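Residue-level structure breakdown
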Amino acid sequence: MFPESGGQPCDQGEAEMHHGKLLHGIAYGTSGDATVFMSAGAIHRERINQSHACTTWFPQRQYHMASIAFKMQQRGCTGQLLVIPADGQPAGSTAAVVNVLAVMWKEGALCHVTDGPLEPGTTVEVRVDWQRRYDHMQQHTGQHVFSAVADLLLGADTASWELHPLDPEMHRSGDYGCVAVDLTVPQISAEQLLELEARANAELRALRSVTPLVLDPRVAADVERMESLRADPVFRGQLPPPEKIKGGKLRLINVERLDINACGGTHVRSTGEVQLLKVVGAERTRGHTRVRVMCGGRALMALGGCLTREAALTAKLTCPPVRHEEMVDLLLR
């Protein structure tokens, strides 16, 4: 999260964070100047843009945004703004609540898409949807580890990646809400996928620390550090020249002895917090291979669903799981 005085994007290692913990912020802008959106679905609600100086949902503008994929990920951020009374007393249970539906950059300003307007200068407390945030932290850190392992074992760079939302309705229809990683190799064999999965999980069990590194090209020591990073065998990606770094500072994430990468996202403190990584599938796409993986709580939830369905099928088919396919084929014939 961001302290009011400024700071880095929230990594769990930087700020102790629990569900329901609040931070103060100031809301700027007027509902009259805001663009109005309509939400999708059967019930349409007005969505009002609110501009903020800084937010727990998005890094401050001074930090270089390393990838478009991360920007798109932040559109899934949700939470609440609790309006603090004019007398300055902390917002209690009777405080007005404005739901945050999404957060994004719009025309150079930070935009909160909310389900109601706020008056200019309103003081608010920010409540993060911590369950959703921690899920994103697990998936994002897992992607760092998987991409590093793909480079080590296959020499494959990560061209892009995308975090799919965890939607219970989609999950019931068979979409597990995976992380899609596009690797710069035309194809990957089943044996190689198993090797990637095994190595990634070994790296998670190694309990490697995950820490942010912020460099300022205006500081001689940081410039020297940037030059040394370019020669570091675990550094991946590219560092822009100092004069090209927007806002003056560059943020990187260091997965101990495994991966250093420019990134503005949120991460867990240690690879052990990712828990596990499961490869779900792979497909060819535009000369690359898209590998779908899931980590942590998502993988455990999917496994639980699979075991529940397996037990139900075992009871209905009156045969052990290894004979399910055989029995279904027999019934279909």
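The name given to the chain in an unreviewed UniProt entry is Threonyl/alanyl tRNA synthetase SAD domain-containing protein, and the organism recorded there is Volvox reticuliferus. The UniProt entry for the chain carries the following text under Cofactor (unreviewed entry): "Zn(2+)".

**Thoughts on the confidence of the model for the chain**
With 68% of its residues at a pLDDT of 70 or more, the chain has an overall mean of 76. Of all secondary-structure elements in the chain, the lowest mean pLDDT belongs to strand β2 (residues 36-38), at 23, while helix α4 (residues 190-205) reaches the highest, 98. Note on residues 1-10: pLDDT under 50 across the span, and 35 contacts to partners over four residues away in sequence or across chains. Within the model, the stretch residues 12-76 combines pLDDT values under 50 with 184 contacts to residues more than four positions away or in other chains.

**Let's talk about helix α6 (residues 296-317)**
Taking 1.5 Å of rise per residue, the 22 residues of α6 would be expected to cover 32 Å, and the 31 Å separating its terminal C-alpha atoms lies within 8% of that figure. Among the residues of α6, those classed as buried are Gly296, Arg298, Ala299, Ala302, Gly305 and Leu317. Directly beyond the C-terminal end of α6, a positive phi value near 50° is found at Thr318.

**A look at the packing of α6 against helix α7 (residues 324-332)**
Their axes nearest at 11 Å, the elements α6 and α7 cross at an angle of 50°. Here α6 lies oblique to α7, going by the angle between them. Of the two possible hands of crossing, α6 and α7 adopt the one that is left-handed. Between α6, through Glu310, Leu313, Thr314 and Leu317, and α7, the contact on the second element is made entirely by His324, Met327, Val328 and Leu331. Here the residues of the contact of α6 with α7 sort into 5 nonpolar, 2 polar and 1 charged.

**With respect to the sheet that holds strand β14 (residues 288-295)**
Read from one edge of the open sheet, 4 strands run β8-β9-β14-β13, paired in antiparallel fashion. Each end of this open sheet is capped by a strand with a single partner; those strands are β8 (158-163) and β13 (277-285). Sheet twist, expressed as the mean angle between neighbouring strand axes with direction ignored, is 20°. Both β8 and strand β9 (residues 179-183) contribute to a ladder of 5 bridges, which runs antiparallel. By the bridge assignment, Trp161 is partnered in β9 with Val181. Sheet strands touched by α4: β13 and β14. Its angle to β13, the strand with the most contacts, is close to 140°. Along the sheet face, α6 touches β8 and β14 and points at about 80° away from the line of β14.

**Observations concerning the side chain of Thr114**
Following the sequence through the fold, Thr114 ends up in strand β6 (residues 109-114). Owing to a relative accessible area of 0%, Thr114 belongs among the buried residues under this scheme. There is a polar contact of 2.6 Å between the side chain of Thr114 and the backbone oxygen of Gly116.

**A look at unusual backbone geometry**
Unusually for a residue other than glycine, Leu207 sits at a positive phi of about 55°. Assignment of secondary structure puts Leu207 in the loop between α4 and β10 (210-215). Positioned with a positive phi, Arg286 is a non-glycine residue whose angle comes to about 50°. Among the structural elements, Arg286 can be located in the loop between β13 and β14. The exposure class of Arg286 is exposed, given its relative accessible area of 72%.

Conventions used here
- Residues numbered from 1 in each chain as written.
- Predicted model: local features only at pLDDT ≥ 70, side-chain atom pairs only at ≥ 80, totals over all residues.
- Heavy atoms only, no water.
- UniProt positions renumbered as here; feature names shortened; annotations may be inferred.
- pLDDT = per-residue confidence, 0-100.
- Helix = DSSP H or I, 4+ residues; strand = E, 2+ residues; numbered from the N terminus.
- Contact = heavy atoms within 4.5 Å.
- Expected span 1.5 Å × (residues − 1).
- Buried < 20%, exposed > 50% of the residue type's maximum accessible area, 1.4 Å probe, protein only.
- Axes fitted to C-alpha atoms, helices over the stretch in contact; angles between N-to-C directions.
- Parallel < 35°, antiparallel > 145°, perpendicular 65-115°, else oblique.
- Left-handed = near helix turned anticlockwise from the far one by under 90°.
- Nonpolar A, V, L, I, M, F, W, Y, C, P; charged D, E, K, R; others polar.
- Pairing = 2+ DSSP bridges.
- Polar contact = N/O pair within 3.5 Å; in protein donor to acceptor, adjacent residues only side chain to side chain.

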